[in-house]
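An overview of the molecular structure
Chain residues, written in single-letter form:
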Amino acid sequence: ILNVEQSPQSLHVQEGDSTNFTCSFPSSNFYALHWYRWETAKSPEALFVMTLNGDEKKKGRISATLNTKEGYSYLYIKGSQPEDSATYLCASSNTGNQFYFGTGTSLTVIP
Amino acid sequence: NAGVMQNPRHLVRRRGQEARLRCSPMKGHSHVYWYRQLPEEGLKFMVYLQKENIIDESGMPKERFSAEFPKEGPSILRIQQVVRGDSAAYFCASSPNPADTQYFGPGTRLTVL
């Protein structure tokens, strides 16, 4: 079982602020890291799949970086909007078979 | 292209009954993952299947739980003799390749009375 941790657990930001949160995972035998966005009453929606150390991915105002040597990934949101309010999950795998999820960062963007 | 379908969306069972949860992956996806979300907890990996094969079931309880993904038809997660502690949301996800983007279904919320 991989210990995947996310911080902070929850976050409140003002509309227009930029924010970031962290996903930590065991760096040994790293295979892949996934980021998901999960809105209440919906299913998790894939944001990024990251596999290589130093990867940077971007989708609109959201971007992510990956450091496999030290075992962390950052998710950044630039100019947060109320519709960005959701729980952001990361999941790590060392085999490509099982994916272990963190408990998520719950983001609330205040208009 | 329809997304991942799960049914039923809500399932109520009495203790000791069987629960069958179905997952139809996206078209062209042959990899299916099942996850469980217990109340107040995150998503926990249960089992990873490819068509007709269980690849990894290390996250699934050894008793009462089984999963299959037949050549034709949906993947089935079966829970025999359900207990109250089985009450949870069960999500499946599918992907075209191992470790590729996983597309999640809407989940089945199982309530055991």
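Residues numbered from 1 in each chain as written. Chains lettered and ligands numbered in written order. Predicted model: local features only at pLDDT ≥ 70, side-chain atom pairs only at ≥ 80, totals over all residues. Heavy atoms only, no water.

Describing the pattern of salt bridges
As a reminder of what qualifies: The rule for a salt bridge is simple: a side-chain nitrogen of Lys or Arg has to be within 4 Å of a carboxyl oxygen of Asp or Glu. Put simply, DSSP H or I for four residues or longer makes a helix, DSSP E for two residues or longer makes a strand, and each gets a number counted from the N terminus. Under the scheme applied here, a residue whose accessible area is under 20% of the maximum for its type counts as buried, over 50% as exposed, and between as partly exposed, the area being computed with a 1.4 Å probe on protein chains only.
Tallied over the entire structure, the rule returns 7 salt bridges over all chains. Salt-bridge contacts for B:E18 lead to B:R78; the nearest nitrogen and oxygen are separated by 2.9 Å. In this pair, B:E18 sits in the loop between β2 (10–13) and β3 (19–24) while B:R78 sits in strand β8 (residues 75–79), placing the two residues 60 residues apart along the sequence. With a relative accessible area of 26%, B:R78 lands in the partly exposed category. Among the charged side chains, a salt-bridge network with shared partners connects A:R37, A:E39, A:K42 and A:E45.

Looking at the pairing of strand β6 (residues 53–56) of chain B
Residues and elements named next belong to chain B. The line we're drawing: DSSP calls a pair of strands paired once it identifies at least 2 bridges connecting them.
Strand direction decides the pairing type here: strand β5 (residues 43–50) and β6, joined by 3 bridges, are antiparallel. If you follow L49 over to β6, its bridge partner there is I54. Turn length for the β5-β6 hairpin, with the two strands adjacent in sequence and antiparallel, is 2 residues, and the turn residue E52 shows positive phi of about 70°.

Digging into the sheet that holds strand β3 (residues 19–24) of chain A
All names here are of chain A. Under the convention used in this document: Only the contacting stretch of a helix is used when fitting its axis, a line to C-alpha atoms as for every element, and angles between N-to-C directions run 0 to 180 degrees.
Sheet architecture is open: 5 strands sit in the order β1-β3-β8-β7-β6, paired in antiparallel fashion. If you trace the sheet from one side to the other, it starts and ends with β1 (5–7) and β6 (56–59), each paired once. Across this sheet, the average inter-strand angle for adjacent strands is 15°, counted without regard to direction. Note that strand β7 (residues 62–67) and strand β8 (residues 72–77) share 6 bridges and pair antiparallel. The residue bridging A64 from the neighbouring strand is L75, located in β8.

Description of the state of the cysteines
This is how it is decided: Note on terminology: disulfide denotes any pair of cysteine sulfur atoms within 2.5 Å.
What the rule picks out here adds up to 2 disulfides over all chains. In this model A:C23 forms its disulfide with A:C90; the gap between the sulfur atoms is 2.0 Å. Between A:C23 and A:C90 the sulfur-sulfur dihedral comes to about 80°; the bridge is accordingly right-handed. Linking A:C23 in strand β3 with A:C90 in strand β9 (residues 86–93), this pair joins segments that are 67 residues apart in sequence. Exposure class is identical for A:C23 and A:C90. Each is buried. The disulfide partner of B:C23 is B:C92, and the S-S distance across this bridge is 1.8 Å. Across the S-S bond linking B:C23 and B:C92, the dihedral sits near 70°, which makes this disulfide right-handed.

A closer look at the environment of B:F69
All names here are of chain B. The criterion, for reference: Should any heavy atoms of two residues lie within 4.5 Å, those residues are counted as being in contact.
Mapped onto the fold, F69 is located in the loop between β7 (65–68) and β8. Classification of F69 by relative accessible area gives buried; the value is 2%. Taking the C-alpha atoms as reference, F69 lies 24 Å from T111; in sequence the two are 42 residues apart. Setting aside anything within four residues of it in sequence, one finds F69 in contact with P25, H29, S30, V32, L49, Q50, K51, E52, P74 and S75.

Overview of the interface of chain A and chain B
How big an interface is tends to be expressed through the accessible area that disappears when the partners come together. Note the cut-off: Summed over both partners, the accessible area (1.4 Å probe) lost when two parts come together is defined as the buried area. Whenever a nitrogen or oxygen atom comes within 3.5 Å of another N or O atom, the pair is scored as a polar contact, on the condition that within protein one atom can donate a hydrogen and the other can accept it, and that pairs from neighbouring residues in sequence are kept only if both atoms are in side chains. Note on residue classes: Ala, Val, Leu, Ile, Met, Phe, Trp, Tyr, Cys and Pro are nonpolar, Asp, Glu, Lys and Arg are charged, and everything else, Gly too, is polar.
Contact residues are listed per partner, giving 16 residues for chain A and 18 residues for chain B. Surface buried jointly by chain A and chain B totals about 1,500 Å² across both partners, of which 62% is contributed by carbon and sulfur atoms. In terms of surface lost to chain B, no three residues of chain A exceed A:W38, A:N97 and A:F101, which account for 32% of the buried area on that side. Where chain A meets chain B, there are 0 salt bridges. Our count for the contact surface shared by chain A and chain B stands at 3 residue pairs in polar contact (both at pLDDT 80 or more). Of all the secondary structure elements, the ones that give two or more residues to the side of chain A that touches chain B are β4 (32–38), β5 (45–50) and β10 (100–101) of chain A. Broken down by element, the residue count for the side of chain A that touches chain B peaks at 4 residues, all from β4(A). Residues belonging to the side of chain A that touches chain B are distributed by class as follows: 11 nonpolar, 5 polar and no charged.

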